[in-house]
Amino acid sequence: MLHRSVKMPSVKYQRGDMVMGRWPGSSLYYEVKVLGFDAKSQLYTVIYKDGTELELKEQDMKNAAGFQSRSRSRSRSPGRPRSRSRSPARTARRSSSRTADAAAITESTPSSRRDSKLKDSVEVRLSPLPQSKAAENNGNNKQEKKEEKQKEENNTANKVNESAAVVEAENEKTQGRYNLRRRKDDGDAKPVEAKPEQLEEKDAKLAAAPAASVSTPLDFGGKIGAYFWLLFLPAWVLFLVLQGNREDPSLANFPPPLPPLEAFWDAQALGFVVLWILFQALLYILPVGKLSEGMPLRSGERLKYRTNGFFAISVSSVAAAAAVHQGVDLTYIHSHFLQLTTAAFLISVLLSVYLYVRSHYAAAEQLALGGSSGNVVYDFFKGHELNPRIKEFDLKFFCEMRPGLIGWCLINFAMALAEMKHQNLDAPSYSMILVNLFQLLYVVDGLWNEEAILTTMDLMHDGFGFMLAFGDLVWVPFTYTLQAYYLVNHPNPLSLPALTAILTLKLVGFYIFRKSNSEKNAFRRNPSDPKLSHLKRIPTATGKSLLVSGWWGVVRHPNYLGDLLMALAWSLPCGFSHLLPWYYMIYFIILLVHRDSRDMSECRRKYGSAWDEYCRTVRYRIIPRVY
């Protein structure tokens, strides 16, 4: 491209134009969108359909009208498969077992106008051909090697070279960064020819690639943070349990006195926790309820889950009521809260050790990208294996939805009985009733809509390690019950107007939470659903779209907004005498802000400039006009 000395150079392509851009280091062209033009460098900024943004010279760009392809409607840009791969590094790790997902388009003009050869060396991984074609190609392999250069010059423009696997440009700018992939439905695609020695060399590189090379950026403070959280989380739960049982749980009385060591252990409490987990496991494996299909994994596989959580909590409720009717004293849960917490903690640690050990026997495609740092402590904390299973029993899904979540409701019920016993009441107080009902509604709603959790970050991206095991078995049942635990010894009478206001707040929060989550789940599972046709969206290079209307056009996380309103409704019945029962509200704000940050990083990496456009359209993250 000639340099022009004028101040305002002529710009051939405008922002938003769809043109054909040459992939760096090759003679392959792909459809790109023009994002802008830098007059100083005389370069166009363009974005490929996989979200990759590059700067191209005008001579490397052509009008789309000058190209013809036998599969125009299917043509895609390099690098982005329809499976759950997030980055070229992840794709490279698994390219030997996955079909590629892009169609390379060559210029459809007489051969004299085409590049006579590739400007840089290009390596190509071929996927298996049908038997007849493979045999024919193998028979002519030597002749094709000798005539490769001549074929390149004589090929007509009507031939479409569609990559059958990862194509990596071996030059300064692109080495190791980009992948060209073909869609599985492009059955008539012709493979790009490659030298066998190139393929063997590439196979060796991929086989030798360390697990850490496919890891995503580290969360929670990285490796140092993992050490901190492993120590802090159990200590914080211990603090809450000890402080909540004090007569004056003021933070001014920090730290609470430690009881003797024998007070932490009770064999009966351990037996109770083990029995509860086994009971929930039995309900989980019963052939009752729907077999739901999870989201596609990196391998393209979809796991199946027994989503019978509502059945499980219904049976658990009947069992608890029958136990009370038979004279079982469930206030044992309140009087042995510390010992039960210790037992659950011990089980979560043993489970985490088992999960980490077994992850070393899992196949590479079964590992979690976020838990493959190569650091033992970090991977133990974050979770090394994505979906650990014992046959069809999914350990992560079970722990996420059953023993801790349903146990939360059982503990709340036991606290209501303990309040009646300690305060000589014929019925629980209004404050205790509100806390029990609000949190029961939250859990029942989650189990009724259990299938929706299959599209969440925990199930799709996070490995199963100490973070989730401790969170599911200890954090949820023994800290989310803090309001009910507090009210046993610290009553807070409510007036009728206060009760009505709190109830209204809860219902508003629940409505926002449920409607926004339902909208998101329906859109993720079937974006072309006619019921969602009224929703505006921004298309992305991955083939997915971002909602910019409905609930998701108000704020980026309307479900978080509903969650926060409900958390506020859970804390208000405890009054303002102490800060301790407001712990959940404070913690939840920190949790959601952190999760929003993780979502932002993941979506920016995944959707590129489309995410930036989405953020300009939907300005506020959680609270309209505030945050």
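This one's a predicted model, so the numbers in the text were calculated from it and none came from an experiment.

Draft legend 1. Structural context of the overall build of the protein chain. Looking only at helices and strands, the protein chain has 21 helices and 13 strands in total. Burial status across the protein chain gives 52% buried among its 627 residues. Here the analysis covers contacts within the protein chain between residues at least 6 apart in sequence; of these, 76% occur between residues at least 24 apart.

Draft legend 2. Expanded view of the sheet that holds strand 3 (residues 43–48). With antiparallel pairing, 5 strands are arranged side by side in an open sheet as 4-3-2-1-5. Each having just a single partner strand, strand 4 (53–56) and strand 5 (61–62) make up the two edges of the open sheet. The sheet contact formed by strand 3 and strand 4 spans 4 bridges and is antiparallel. The residue of strand 4 that forms the bridge with Tyr 44 is Leu 56.

Draft legend 3. Quick peek at the pattern of salt bridges. Scanning the model with the defined rule gives 10 salt bridges in all. With its nearest N and O atoms 3.1 Å apart, the salt bridge here joins Arg 22 to Asp 60. Of this pair, Arg 22 sits in strand 1 (residues 18–22) while Asp 60 sits in the loop between strand 4 and strand 5, and the two are 38 residues apart along the sequence. The exposure class assigned to Asp 60 is buried, which follows from its relative accessible area of 11%. For Lys 290, the salt bridge goes to Glu 451, with nearest N and O atoms at 3.1 Å. On the criterion of sequence distance, the pair formed by Lys 290 in strand 8 (residues 290–293) and Glu 451 in the loop between helix 14 (430–448) and helix 15 (457–460) is long-range, its members being 161 residues apart. Overall, the relative accessible area of 47% leaves Lys 290 in the partly exposed class. Residue class for Glu 451 comes out partly exposed when judged on its relative accessible area of 24%. The network of salt bridges with shared partners includes Arg 389, Glu 392 and Asp 394.

Draft legend 4. How the structure looks around the packing of aromatic side chains. For the coordinates displayed, the defined rule picks out 40 aromatic pairs. Aromatic side chains Phe 232 and Trp 236 sit 5.9 Å apart centroid to centroid with 20° between the ring planes, which places their arrangement in the stacked category. In this pair, Phe 232 and Trp 236 are both assigned in helix 6 (residues 222–244), 4 residues apart and thus about one turn of the helix distant. For Phe 232, a relative accessible area of 31% puts it in the partly exposed group. Look at Trp 236 and you get partly exposed, because its relative accessible area is 26%. Arranged with centres 5.1 Å apart and planes meeting at 70°, the rings of Trp 408 and Tyr 480 form a pair that is edge-to-face. Taken together, the residues Trp 408 in helix 13 (residues 403–422) and Tyr 480 in the loop between helix 16 (466–479) and helix 17 (482–489) connect sequence positions 72 residues apart. Note on accessibility: Trp 408 and Tyr 480 belong to one class, buried. Here Arg 389 stacks its cationic end above the ring of Tyr 305, 4.9 Å away from the centre of that ring.

Draft legend 5. Representation of the side chain of Ser 316 within the structure. Relative to the helices and strands, Ser 316 is located in helix 8 (residues 309–325). According to the relative accessible area criterion, Ser 316 is buried, its value standing at 6%. Once residues within four sequence positions are removed from consideration, Ser 316 is found in contact with Trp 276, Phe 279, Gln 280, Leu 283 and Ile 406.

Draft legend 6. View of the nonpolar core. Phe 397, Trp 408, Met 415, Phe 464, Trp 475 and Tyr 584 are the most contacted members of the largest nonpolar core, which has 106 residues in total. Counting 13 residues, the second largest nonpolar core, distinct from the first, contains Tyr 30, Tyr 44, Leu 54 and Leu 56.

Draft legend 7. Highlighting unusual backbone geometry. Backbone geometry at Lys 391 places phi at a positive 60°, although glycine is not the residue there. Mapped onto the elements, Lys 391 comes out in the loop between strand 10 (389–390) and strand 11 (393–394). A residue is classified by how much of its surface remains accessible, and Lys 391, at 76% relative accessible area, is exposed. Look at Asn 424: it is not a glycine, yet its phi comes out positive at around 55°. Counting through the fold element by element, Asn 424 comes out in the loop between helix 13 and helix 14.

Draft legend 8. The side chain of Ser 373, seen in detail. Along the chain, Ser 373 falls in the loop between helix 10 (337–359) and helix 11 (376–382). Here the side chain of Ser 373 touches Asn 375 through a polar contact of 3.1 Å, landing on its backbone nitrogen. Of the polar contacts made by the side chain of Ser 373, one reaches the side chain of Asp 379; its length is 2.8 Å.

Draft legend 9. A nonpolar patch on the surface, seen in detail. A surface patch of nonpolar side chains, about 390 Å² in accessible area, is lined by Ile 589, Val 593, Ile 623, Val 626 and Tyr 627. Relative to the helices and strands, Val 626 is located in the segment after helix 21 (609–617).

Draft legend 10. Geometry of helix 7 (residues 267–285). Taking 1.5 Å as the rise per residue, helix 7 with 19 residues should run 27 Å; its terminal C-alpha atoms sit 27 Å apart, in good agreement. Within helix 7 the residues assigned to the buried category are Ala 269, Val 273, Trp 276, Ile 277, Gln 280, Ala 281, Leu 283 and Tyr 284. Along the long axis of helix 7, the arc covered by the buried residues comes to 165°, so they all point the same way. Facing away from the buried side of helix 7, by more than 90 degrees, are the exposed residues Ala 267, Gln 268, Leu 275, Leu 278 and Ile 285.

Reading the values: rules and limits
Residues numbered from 1 in each chain as written. Predicted model: local features only at pLDDT ≥ 70, side-chain atom pairs only at ≥ 80, totals over all residues. Heavy atoms only, no water. Helix = DSSP H or I, 4+ residues; strand = E, 2+ residues; numbered from the N terminus. Buried < 20%, exposed > 50% of the residue type's maximum accessible area, 1.4 Å probe, protein only. Contact = heavy atoms within 4.5 Å. Pairing = 2+ DSSP bridges. Salt bridge = Lys/Arg side-chain N within 4 Å of Asp/Glu carboxyl O. Phe/Tyr/Trp six-rings, centres within 6.5 Å; stacked < 30°, edge-to-face > 60°. Lys NZ or Arg CZ within 6 Å of the ring centre and 35° of its normal. Core = buried A, V, L, I, M, F, W, Y, C linked by side-chain atoms within 4.5 Å. Polar contact = N/O pair within 3.5 Å; in protein donor to acceptor, adjacent residues only side chain to side chain. Patch = residues over 30% accessible without salt bridge, like charges linked within 9 Å, V, L, I, M, F, W, Y side chains within 5 Å. Areas by Shrake-Rupley, 256 points an atom, 1.4 Å probe, with all protein chains shown as cover. Expected span 1.5 Å × (residues − 1). Arc of directions from axis to C-beta.

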